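The lines below spell out each chain.
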Amino acid sequence: MADDPAALRPDASGSRIEHDLRAIREKRNVTLETLQRETRMPGDILRRFEAGDLVGDANYSEVYLRNLLKAYAQALGLSPHEVGEAYEQAKTGAYDGRLRRLYLDGGAEAPAAPPPKAPPPQAPSGTAPAVAALSGAPKPRPATAPVAERTAEHMPKRRVQTAKAAAAGTAPLEKSWGLLIGGTVAALLVIGAVLWFLLRDPNPEPDLAEMLATPADTAGAAAPVAPAETPDTAPPPSSAPRFQTPISLTVIAAEEPLEDFKVQTDDDLRRPYWLNPGTDQTFTGQQRVIVSGEGGTGNYDGARLRLQGIEWTPREGQVFRITAERGQAFLDSLARVAR
């Protein structure tokens, strides 16, 4: 319920600007809720202001109070200039109810009207009517610039600077993405090279005739070379046993230890293996058995190999790849060399 305006009239100590503003609000049927929505000020602040508890409070700065008065006046349709002058008088104790007289008591003191505009200059006597009319007519306006030029002319510099800053900010971002992609590609290439080096076969599979060395009883002598076969000559029958699976290859250490030698059974590649002199170890695989000597370089350090009862001493640099598909041919070659 609105307060009685008569209770807010000036007393013996003089009127307060807050009371007059509240009386004007209530006369214009503006609720505090509407005023709060229009001014975006908290409701309790507006109530304290109208009650006379806000002006003079050290917790609120002069700038805050001036902004409140300006928003209050605009929300009620009052002149911010008149309200500001009334506030200056209230600060010095000289406020005499001017706002009440202007907006409540029938406008006894209306704001002064602006001074009349000076009449347009008269043409000199004796001037022709047409010339006089032209001299008093307004000057033609210059042709307007194109829309793009006027837009660029009135565009705030701050927006232009913001666009430049945004463009400059995207450059480091694009550069970072480029570095990230380049680094990822380089890392993938390095990983691929390492995997290829670890999984590659350091020594390609040689021909079976070159893989076989002299058997144990003729160690140190050159392997015999079979005479060239003619079309009419059939190859001699093989005395090799029937190739069997799983493949069992035995490595026998001789007088020296066999260190860090490489053996692969099927897809299982485990290293290193060590054998002391006078010991042996058998490796079994279903599809393949590959032995390549110490460090994978074909160095056997005098060791011997045995496959299905056939034993031989490998030469340095040889890699033996015994598979289920070519196992019988491998045994036949061993048997021919051993004869």
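Each chain has its residues counted from 1, running along the sequence as written. Where local features are concerned, this predicted model is filtered to residues with pLDDT of at least 70; where side-chain atom pairs are given and counted, the filter is 80 or more; whole-chain, interface and lining totals use all residues. The side-chain numbers reported here are obtained from all heavy atoms of the structure, hydrogens and water having been left aside.

### Thoughts on the sheet that holds strand β6 (residues 304–307)
To be explicit about the condition: Should DSSP find at least two bridges between two strands, the strands are regarded as paired. Put simply, DSSP H or I for four residues or longer makes a helix, DSSP E for two residues or longer makes a strand, and each gets a number counted from the N terminus. To define axes, lines are fitted to C-alpha atoms, for helices over the stretch in contact only, and angles between the resulting N-to-C directions are given on a 0 to 180 degree scale.
A sheet is described by the order of its strands in space; here four strands give the open sequence β4-β1-β6-β7, paired in antiparallel fashion. One side of each edge strand has no neighbouring strand; the edge strands of this open sheet are β4 (280–285) and β7 (310–312). Strand after strand, the sheet turns through a mean of 20° between neighbouring axes, direction not considered. In terms of strand pairing, strand β1 (residues 247–252) meets β6 through four bridges, oriented antiparallel. By the bridge assignment, Thr250 is partnered in β6 with Arg306.

### Considerations on the environment of Glu294
So the rule is basically this: Working definition: with a 1.4 Å probe on protein chains only, accessible area under 20% of the residue-type maximum means buried, over 50% means exposed, and in between means partly exposed. We call two N or O atoms a polar contact when they sit within 3.5 Å, provided that within protein one can donate a hydrogen and the other can accept it, with sequence-adjacent residues counted only if both atoms are side-chain atoms.
Within the fold, Glu294 resides in strand β5 (residues 288–294). A relative accessible area of 16% places Glu294 in the buried class. Side-chain polar atoms of Glu294 contact the backbone nitrogen of Glu259, separated by 2.9 Å.

### A look at a negative patch on the surface
Cut-off, in case you're wondering: Exposure above 30% relative accessible area and the absence of a salt bridge qualify a residue for a patch, where like charges join within 9 Å and nonpolar side chains (Val, Leu, Ile, Met, Phe, Trp, Tyr) within 5 Å. Residue exposure ignores everything except the shown protein chains as possible cover, and the areas themselves are Shrake-Rupley values with a 1.4 Å probe. Salt bridges are defined by distance alone: a side-chain nitrogen of Lys or Arg within 4 Å of a carboxyl oxygen of Asp or Glu. His is not counted, nor are the chain ends; Lys and Arg add positive charge and Asp and Glu add negative charge. Charge placement uses NZ in Lys and CZ in Arg. For Asp and Glu, CG and CD serve respectively.
Side chains of Glu255, Glu256, Glu259, Asp260 and Asp301 sit close together on the surface and give a patch of like negative charge. Within the secondary structure, Asp301 sits in the loop between β5 and β6. On the basis of relative accessibility, which here comes to 33%, the residue Asp301 falls in the partly exposed class.

### Focus: the pattern of salt bridges
Going through the model one piece at a time under the given rule, you end up with 16 salt bridges. Residue Arg48 pairs with Asp57 through a salt bridge whose shortest N-O separation is 2.9 Å. Glu88 is paired through a salt bridge with Arg66; the nearest N and O atoms lie 2.2 Å apart. Residue Glu88 is found in helix α5 (residues 80–91), and its partner Arg66 is found in helix α4 (residues 62–76); the two are separated by 22 residues along the sequence. Under the relative-accessibility criterion, Glu88 is labelled partly exposed at 33%.

### Some points on the side chain of Gln318
For Gln318, the position within the fold is in the loop between β7 and β8 (320–323). Take Gln318: its relative accessible area is 6%, and that puts it in the buried class. At 2.9 Å, the side chain of Gln318 and the backbone nitrogen of Arg315 are in polar contact.

### A few points about the pairing of β1
Across the six residues that make up β1, a large majority, five, are buried. With six bridges joining them, β1 and β4 adopt antiparallel strand pairing. Paired with Ser248 across the bridge in β4 is Thr284.

### Points about the confidence of the model for the chain
The following threshold applies: One confidence number per residue, pLDDT, is output by the predictor and ranges from 0 to 100. Residue contacts follow a heavy-atom distance rule, with two residues in contact if any of their heavy atoms lie within 4.5 Å.
Mean pLDDT over the chain works out to 74, with 63% of the residues at or above the 70 mark. For residues 213–231, every residue scores under 50 in pLDDT, and the model assigns this stretch 21 contacts once sequence neighbours within four places are set aside.

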